[in-house]
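Structure at a glance
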Amino acid sequence: MRWSKSLSAGAAVAAVAALVTALLLLWCEDAGQGTGSSSMAETATLPKLREDFRMQNKSVFILGASGETGRVLLKEILEQSLFSKVTIIGRRKLTFDEEAYKNVNQEVVDFEKLDDYASAFQGHDVGFCCLGTTRARAGAEGFVRVDRDYVLKSAELAKAGGCKHFNLQSSKGADKSSSFLYLQVKGEVEDRVEELKFDRYSIFRPGVLLCDRQESRPTEWLVRKFFGCLPASWANEHSVPVVTVCRAMLNNAVRPSDKKREVVDNTAIHSLGKADGS
Ligand SMILES: NC(=O)c1ccc[n+]([C@@H]2O[C@H](COP(=O)([O-])OP(=O)(O)OC[C@H]3O[C@@H](n4cnc5c(N)ncnc54)[C@H](OP(=O)(O)O)[C@@H]3O)[C@@H](O)[C@H]2O)c1
């Protein structure tokens, strides 16, 4: 009797062990088939996609090139030599010491009178909008003015100027019915830009941007420190390095797509941005 009890206990332990092993194997297989193998597929095709893209001699503009995302995006664009003409549109002239920037065109505009600067938005095939401010910096009204009105007016002028592919840096959680002003404005501007009917419209929704911000933003600094203490998988769900966002934008832009609108969320940004193993 005691012998048969210990036999059944042993069988139960063995069954649990087998189940755990099977689950582990399944998990490993899943992990292999997930981002890992798709990244390998991307690795094989990205250089070719970039080469094909370069051959098309496209022109690009960046809004917000003085900001954390915009300046990394500009650097990546120049390093990858993806476009035959690069223009940055901003409210002030930027100075660059490096040789690589010598052919960058600059358009200095007054965002309160954008209609007077329509020519700055003419003739670009692709546009990236990394414009934005914070409520703490500009007040609620100022925030809406920049993150909604300036973005929307710029998109309108870009569309009128012939831009085919518009890329908007929005935010994780963007939702026009949110009770948080930030997320609500991000959601509203996403939808209103869509109404302009670009041939291709890509929305990027990153979580907290990880960067060494030049401007002091104590709350953002604290949040970044907090994410730094979390296990990588949790942190990756809610935050992303700026350089990964920029690479995701470019890796996406070089891939032909027949989708009119695509939303790239934080998880997709991570895999797209690291698609060539960088
Ligand atoms: N911070 C985050 O963790 C986070 C997370 C998700 C999404 N986002 C969104 O991602 C976008 C880019 O963020 P970021 O942190 O890279 O931006 P950033 O460093 O704050 O840079 C913002 C850009 O917008 C321009 N800008 C701000 N106020 C302006 C005004 N009144 N008139 C004209 N231009 C103005 C800035 O120009 P100047 O240099 O001349 O001021 C700068 O080029 C924003 O829309 C932001 O909401 C941010």
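Here the structure is a predicted model, which means the values were calculated and not measured.

To continue, consider the packing of aromatic side chains. Think of a pair of aromatic rings as described by two things: how far the centres are apart, and how the planes are tilted against each other in angle. According to the stated counting rule, one finds seven aromatic pairs in the structure shown. Considering the side-chain rings of Phe111 and Tyr150, the 5.2 Å spacing of their centres and the 25° angle between planes classify their relative orientation as stacked. Highlighted residues: Phe111 in the loop between strand E3 (105–108) and strand E4 (126–129) and Tyr150 in helix H3 (residues 135–160), separated in sequence by 39 residues. Residues Phe143 and Tyr182 carry aromatic rings whose centres are separated by 5.7 Å and whose planes lie at 25° to one another, so their mutual orientation is stacked. Of this pair, Phe143 sits in helix H3 while Tyr182 is found in helix H4 (residues 181–194), placing the two residues 39 residues apart along the sequence. Judged by its relative accessible area of 2%, Phe143 falls in the buried class. Residue class for Tyr182 comes out partly exposed when judged on its relative accessible area of 39%. What links up through ring pairs into an aromatic cluster is the set Phe61, Phe121, Phe166 and Phe198.

The next subject is the site of the ligand. Around the ligand lies a shell of 28 residues, among which Ser66, Thr69, Arg91, Arg92 and Arg213 are the nearest. In this structure, an oxygen atom belonging to the ligand sits 3.3 Å away from a main-chain N or O atom of Gly64. Taken by itself the ligand offers 910 Å² of open surface, and the protein chains cover 90% of this. Elements supplying a minimum of two residues to the shell around the ligand: helix H2 (68–80), H3, H4 and strand E7 (208–210). For the shell around the ligand, the element with the most residues is H3, which contributes four residues. Tallied by class, residues from the shell around the ligand come to nine nonpolar, 10 polar and nine charged.

In the structure shown here, the tally under the stated rule is 20 salt bridges. Ionic pairing is found between Asp191 and Lys176, a salt bridge with its closest N-O pair at 3.0 Å. Of this pair, Asp191 sits in helix H4 while Lys176 sits in the loop between strand E5 (165–169) and H4, and the two are 15 residues apart along the sequence.

About the criteria used
- Residues numbered from 1 in each chain as written.
- Predicted model: local features only at pLDDT ≥ 70, side-chain atom pairs only at ≥ 80, totals over all residues.
- Heavy atoms only, no water.
- Phe/Tyr/Trp six-rings, centres within 6.5 Å; stacked < 30°, edge-to-face > 60°.
- Helix = DSSP H or I, 4+ residues; strand = E, 2+ residues; numbered from the N terminus.
- Buried < 20%, exposed > 50% of the residue type's maximum accessible area, 1.4 Å probe, protein only.
- Near = heavy atom within 4 Å.
- Polar contact = N/O pair within 3.5 Å; in protein donor to acceptor, adjacent residues only side chain to side chain.
- Areas by Shrake-Rupley, 256 points an atom, 1.4 Å probe, with all protein chains shown as cover.
- Nonpolar A, V, L, I, M, F, W, Y, C, P; charged D, E, K, R; others polar.
- Salt bridge = Lys/Arg side-chain N within 4 Å of Asp/Glu carboxyl O.

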